[in-house]
Each structure stands twice: as C-alpha cells, then as structure tokens.
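Letter by letter, the chains look like this.
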Amino acid sequence: EPVAKYGTLDVTFDYDSQEQKLLVTVTAVTDIPTYSRTGGSSWQVHLVLLPIKKQRAKTSIQRGPCPVFTETFKFNHVESEMIGNYAVRFRLYSVRRMKKERIVGEKIFYLTKLNLQGKMSVPVILEPSYSLSGCDSQMSMSEVSCSESTSSCQSLVHGSAPEILIGLLYNATTGRLSAEVIKGSHFKNLAANRPPNTYVKLTLLNSMGQEMSKCKTSVRRGQPNPVYKETFVFQVALFQLSDVTLILSVYNKRSMKRKEMIGWISLGLNSSGEDELSHWSEMKESKGQQVCRWHTLLES
C-alpha cells in the first residue's frame, strides 16, 4: 500500500474485436492528494494510446476532492492479434486558474490485461510521474549507488582512450529505463592544449531509427575526468525494450557556439559493440538492480 497516494481512477474498458475499437470510460477519481501537496482543487484526466501516441483524449475539468467524470473515449484500429503491443497511459492533472496545469500522477495500463470479451472495470492506481518532458534529470536517483570499489566500476583500460562510466537500470513494473551518466575519463580537447568543457547528450531511438526522446547533462568545465552523476529516466514499455537504441554522445562545448564530438556509444537494439550489447542484456536480466560499466568512446 503506497504511503503517498497519487489518485485512483475508476475505469471501465470495453473492447470490440470485430470493430477493432476500444472504449475507455473514466468514471471518477479517489485518493487524490491533499490540497497542500498539489495546490489544486480542479482535476482533469488525460489519456493517450501507446506506443504511437497519435490517439489522445482528455476529460472535462471537475472540481472537488472526489471528482466524477463518467466520460467515454474511443480508440480505433486496436487489432486484437496485436493487443499485447498496446497500452493506455492515464495522467491526472490538477488545473489552476491562470497557472500551468500540474501533473499529479500517472499509470500505463497494458492491454494484455484486457478481457477481450465484454466490459472490464478496474481501479487504475496512479504513481508519481518522472517523465514530464519525456526524460528528466534526477540528480543521482540511482536505486543502487555505484561505488568505486566494485569491480564493474573499475575502468577497463587505463590507457589514453576516452571512456565513460554508465549505470543502467530497468524497472519492468513502471516501464522506466534509468541511465546514469556517472563519470568520464581521458576526455581531450582536440584543438587546444587545455582540458575540455564537456557534456553528454542522450538520445533514445525506436526500431525505425526515429527519435523518441533526448536530453543532456549539464556542462563540466575544464575537466579531463569529469564526474556527472546525473540520471535520466525514459518511459519504455517492456515490449519496446528490445527495439530501442540509446545513444550517448560526448561533446566538447567550445566558445562561439561551436561544439565538437569527443566520441559516442550506443546501447540496445543497434549497440555499437559487444561490450555495449552485453551491458544492455545484463541490465534486462538484473531485475531492477543498477548495472555499471565503463565503455570506450568511438570516434565520430
């Protein structure tokens, strides 16, 4: 039982396999956090059909501690033989006058749980949201910190090749992929004879090579061995995990808005090497434990 509640939606799913359509009725919301925590007394629920995100819907705005909506939304072209590939993401927003709406909680409901005949009413228990912008930097949010003494955290090559230490963690329950950029070593400034100002850019691609999400660390100035300790959280459903590629590119930020790439690696579907592929596999098998490894950067 979660100590802090983020809202429970009363939802009914009604799937028609002949018409390939899904009806979702949002009846009411209970267990909403108190006003002091959310600053809101008006509420709205947003729905989106994953993974395409083309079909979206939202309820009307209702007031009070237990808002009642009783609104039904239709999602089309949901093929019964592909039902396991779909999910509906619910998000509860507190809506305030003249202020930006604020997300209170979210939940991804996988349609594998669906009863393919007739209606099914379920409580959808919301969880705190980390994916407001697709990915958020959470300063070292890693559930298992990576101590320098553990063997997996030792730099493999103490030569002069630039390397990066990455911590990967996947939570199958929440569908969150956490990538912690821990530190770099032997970063060089190719043009000048002084230590570089570096940052790491993370890009998540789908199986078609299209960008799903991107983010970057803050800049570390004048450090050949910078420590970042920044964690980025991506929302990746379990069925997508084998089809995505995470690219990490290290840039030297130079003056006059110019930047140069020091090197890159990719993990996942199109891994850049054996080490990257095995790191990804290890993460998938580690059941929510963080796996840290050094990777040698490839030249651009």
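Residues numbered from 1 in each chain as written. Predicted model: local features only at pLDDT ≥ 70, side-chain atom pairs only at ≥ 80, totals over all residues. Heavy atoms only, no water.

We now examine the sheet that holds strand S2 (residues 21–30). Pairing is antiparallel in the open sheet, where 4 strands are placed in the order S6-S2-S1-S9. At either end of the open sheet lies a strand with only one pairing partner, and these are strand S6 (68–75) and strand S9 (119–125). In this sheet, neighbouring strand axes are inclined to one another by 20° on average, regardless of whether the strands run parallel or antiparallel. One ladder, built from 7 bridges, connects strand S1 (residues 8–16) with S9; its direction is antiparallel. (Pairing = 2+ DSSP bridges. Helix = DSSP H or I, 4+ residues; strand = E, 2+ residues; numbered from the N terminus. Axes fitted to C-alpha atoms, helices over the stretch in contact; angles between N-to-C directions.)

This part takes up the environment of leucine 202. With respect to the helices and strands, leucine 202 occurs in strand S13 (residues 198–205). A relative accessible area of 0% places leucine 202 in the buried class. A sequence separation of 46 residues divides leucine 202 from leucine 248, and the C-alpha atoms of the two residues are 4.7 Å apart. Contacts of leucine 202, omitting those with residues within four sequence positions, involve Ala179, Val181, Ser213, Lys214, Cys215, Phe232, Phe234, Leu246, Ile247 and Leu248. (Buried < 20%, exposed > 50% of the residue type's maximum accessible area, 1.4 Å probe, protein only. Contact = heavy atoms within 4.5 Å.)

This part covers the nonpolar core. If you look at the biggest cluster of nonpolar residues, it comprises 31 residues, and the most contacted ones within it are Phe13, Leu22, Phe90 and Leu111. The contacts of phenylalanine 13, once residues within four sequence positions are left out, are Leu22, Leu23, Val24, Phe90, Phe109, Leu111, Leu114, Gly118, Lys119, Met120 and Val122. In terms of nonpolar packing, the next biggest core, distinct from the first, is built from 27 residues, Ile166, Val200, Leu241 and Met283 among them. (Core = buried A, V, L, I, M, F, W, Y, C linked by side-chain atoms within 4.5 Å.)

A few words now on the pattern of salt bridges. Under the criterion given, the structure shown has 5 salt bridges. Across the pair arginine 91 and glutamate 106 runs a salt bridge, and its minimum N-O distance is 2.6 Å. One end of the pair, arginine 91, is in strand S7 (residues 87–94); the other, glutamate 106, is in strand S8 (residues 102–110), and 15 residues separate them in sequence. For the pair arginine 91 and glutamate 106, a shared accessibility class is recorded, and that class is buried. Here lysine 107 and glutamate 127 are joined by a salt bridge, their closest N and O atoms 3.1 Å apart. Taken together, the residues lysine 107 in strand S8 and glutamate 127 in the loop between S9 and strand S10 (135–139) connect sequence positions 20 residues apart. Of the residues examined, glutamate 127 reaches a relative accessible area of 21% and is grouped as partly exposed. Salt bridges sharing partners connect three or more residues here, namely Arg91, Glu106 and Arg176. (Salt bridge = Lys/Arg side-chain N within 4 Å of Asp/Glu carboxyl O.)

Now for a positive patch on the surface. Among the surface-exposed residues, Lys214, Lys216, Arg221, Lys253 and Lys259 lie close enough to one another that they form a single positively charged patch. Following the sequence through the fold, lysine 216 ends up in strand S14 (residues 211–216). On the basis of relative accessibility, which here comes to 52%, the residue lysine 216 falls in the exposed class. (Patch = residues over 30% accessible without salt bridge, like charges linked within 9 Å, V, L, I, M, F, W, Y side chains within 5 Å. Areas by Shrake-Rupley, 256 points an atom, 1.4 Å probe, with all protein chains shown as cover. Lys, Arg positive; Asp, Glu negative; His and termini not counted. Charge placed at Lys NZ, Arg CZ, Asp CG, Glu CD.)

Here we come to the packing of aromatic side chains. Within this structure, the stated rule accounts for 4 aromatic pairs. Ring plane angle 90° and centroid distance 6.5 Å describe the contact between tyrosine 110 and phenylalanine 239, whose orientation is recorded as edge-to-face. Highlighted residues: tyrosine 110 in strand S8 and phenylalanine 239 in the loop between strand S15 (227–235) and strand S16 (245–253), separated in sequence by 129 residues. Residue tyrosine 110 is classed as buried on the basis of its relative accessible area of 13%. (Phe/Tyr/Trp six-rings, centres within 6.5 Å; stacked < 30°, edge-to-face > 60°.)

In this section: the pairing of S15. In terms of burial, S15 is a largely internal element, 7 of the 9 residues being buried. In the sheet, strand S12 (residues 176–185) pairs with S15 via 7 bridges, with the strands oriented antiparallel. Considered in S15, the bridge of glutamate 180 is made with threonine 231.

Bringing unusual backbone geometry into the picture now. Look at the link from leucine 50 to proline 51: it is a cis peptide, with omega at 5°. As for its placement among the helices and strands, proline 51 is situated in the loop between strand S3 (42–50) and strand S4 (56–58). Even without being glycine, aspartate 31 reaches a positive phi, approximately 55°. Inspection of the secondary structure assignment puts aspartate 31 in the loop between S2 and helix H1 (35–38). A relative accessible area of 33% means that aspartate 31 is categorised as partly exposed. The phi dihedral of lysine 53 is positive, around 65°, even though this residue is not glycine. Relative to the assigned elements, lysine 53 resides in the loop between S3 and S4. You can call lysine 53 partly exposed: its relative accessible area is 39%.

Its volume calculated, the largest pocket comes out at about 880 Å³. Residue lining of the largest pocket: 34 residues in total, with Pro51, Ile52, Lys53, Met212 and Gln240 positioned closest to the centre. Examining the composition of the lining of the largest pocket, we find that 4 residues originate from one element, S14, more than from any other. Looking at the lining of the largest pocket residue by residue, the classes come out as 16 nonpolar, 10 polar and 8 charged. (1 Å grid on protein atoms, 1.4 Å probe; cavity = no way out; pocket = protein on both sides within 12 Å on 5 of 7 lines; lining within 4 Å. Points joined across faces, edges and corners; volume = space filled by probe spheres on them. Nonpolar A, V, L, I, M, F, W, Y, C, P; charged D, E, K, R; others polar.)

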